[in-house]
Amino acid sequence: MAEAFMIADEVNQNMQQFSLNHSSTPERNLLVAMVQRALLDYFGTCFLEKKNATEWLFAEQEPTETENQVFSFSWICDQLDLEQEQVLSQISKMKPTDEAAAHKWGGMRRIG
């Protein structure tokens, strides 16, 4: 569990640094919050939320699509000037193992 908390803290620091390096607008904050929510779900313990987050984060764009679908993870990475493959690589290396670590990272607690 200690390892999960260390990883959660590292991700939180990376997101804070990312926020400091870019101008903050309500639209940008919304996109960052969407990625944060997906990560909370991806590392959480609810099977359905984890499944949905995995599908959203790691979805492949169809080769025939010329533009990313609006609000897809790929599109959000483009809007936030993030390298999608690099972000996914970092996510794949992380191994939080319990819901408490994910909630500590996001500073949120699920209700209901």
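Residues numbered from 1 in each chain as written. Predicted model: local features only at pLDDT ≥ 70, side-chain atom pairs only at ≥ 80, totals over all residues. Heavy atoms only, no water.

J.: Any chance you could explain the overall build of the protein chain here in plain terms?
T.: Per the secondary structure count, the protein chain includes six helices and zero strands. Overall, the protein chain shows an N-to-C arrangement of helices and strands of α-α-α-α-α-α. Residue burial in the protein chain is summarised as follows: out of 112 residues, 33% are buried. In the protein chain, the share of contacts with a sequence separation of at least 24, taken over all contacts with a separation of at least 6, comes to 59%. In the form shown here, the protein chain has an accessible surface area of approximately 7,600 Å², with 54% of it arising from carbon and sulfur atoms. (Helix = DSSP H or I, 4+ residues; strand = E, 2+ residues; numbered from the N terminus. Buried < 20%, exposed > 50% of the residue type's maximum accessible area, 1.4 Å probe, protein only. Contact = heavy atoms within 4.5 Å. Areas by Shrake-Rupley, 256 points an atom, 1.4 Å probe, with all protein chains shown as cover.)

J.: I'm lost on helix H2 (residues 26–43) in this one. Help?
T.: An ideal rise of 1.5 Å per residue puts 26 Å on 18 residues; H2 measures up with 26 Å between its terminal C-alpha atoms. Every buried residue belonging to H2 is among Arg-28, Leu-31, Val-32, Val-35, Ala-38, Leu-39, Leu-40, Asp-41, Tyr-42 and Phe-43, and all of these are buried. (Expected span 1.5 Å × (residues − 1).)

J.: Which parts of the structure should I look at to understand the environment of Phe-43?
T.: Tracing the sequence through the fold places Phe-43 in helix H2. With a relative accessible area of 8%, Phe-43 lands in the buried category. For the pair Phe-43 and Ile-91, spaced 48 residues apart in sequence, the C-alpha to C-alpha distance is 9.7 Å.

J.: Sorry if this is basic, but what is going on with helix H5 (residues 84–93) here?
T.: Every buried residue of H5 is listed here: Gln-84, Val-87, Leu-88 and Ile-91. An end-on view of H5 places all buried positions within 95 degrees of arc, on one side of the element. Exposed side chains of H5 directed beyond 90 degrees from the buried face belong to Glu-85, Gln-86 and Lys-93. As for H5, its buried residues are in contact with H2, helix H3 (47–57) and helix H4 (73–79). (Arc of directions from axis to C-beta.)

J.: When you look at the packing of aromatic side chains in this model, what are you seeing that I'm missing?
T.: Aromatic ring pairs: the centre-centre distance and the angle between the two ring planes describe each pair. In total, this model carries four aromatic pairs according to the counting rule given. Ring geometry for Tyr-42 against Phe-58: centres 5.7 Å apart, planes inclined by 45 degrees, an arrangement best described as tilted. One end of the pair, Tyr-42, is in helix H2; the other, Phe-58, is in the loop between H3 and H4, and 16 residues separate them in sequence. Judged by its relative accessible area of 19%, Tyr-42 is buried. One aromatic cluster is present, built from ring pairs that chain together Tyr-42, Phe-43 and Phe-58. (Phe/Tyr/Trp six-rings, centres within 6.5 Å; stacked < 30°, edge-to-face > 60°.)

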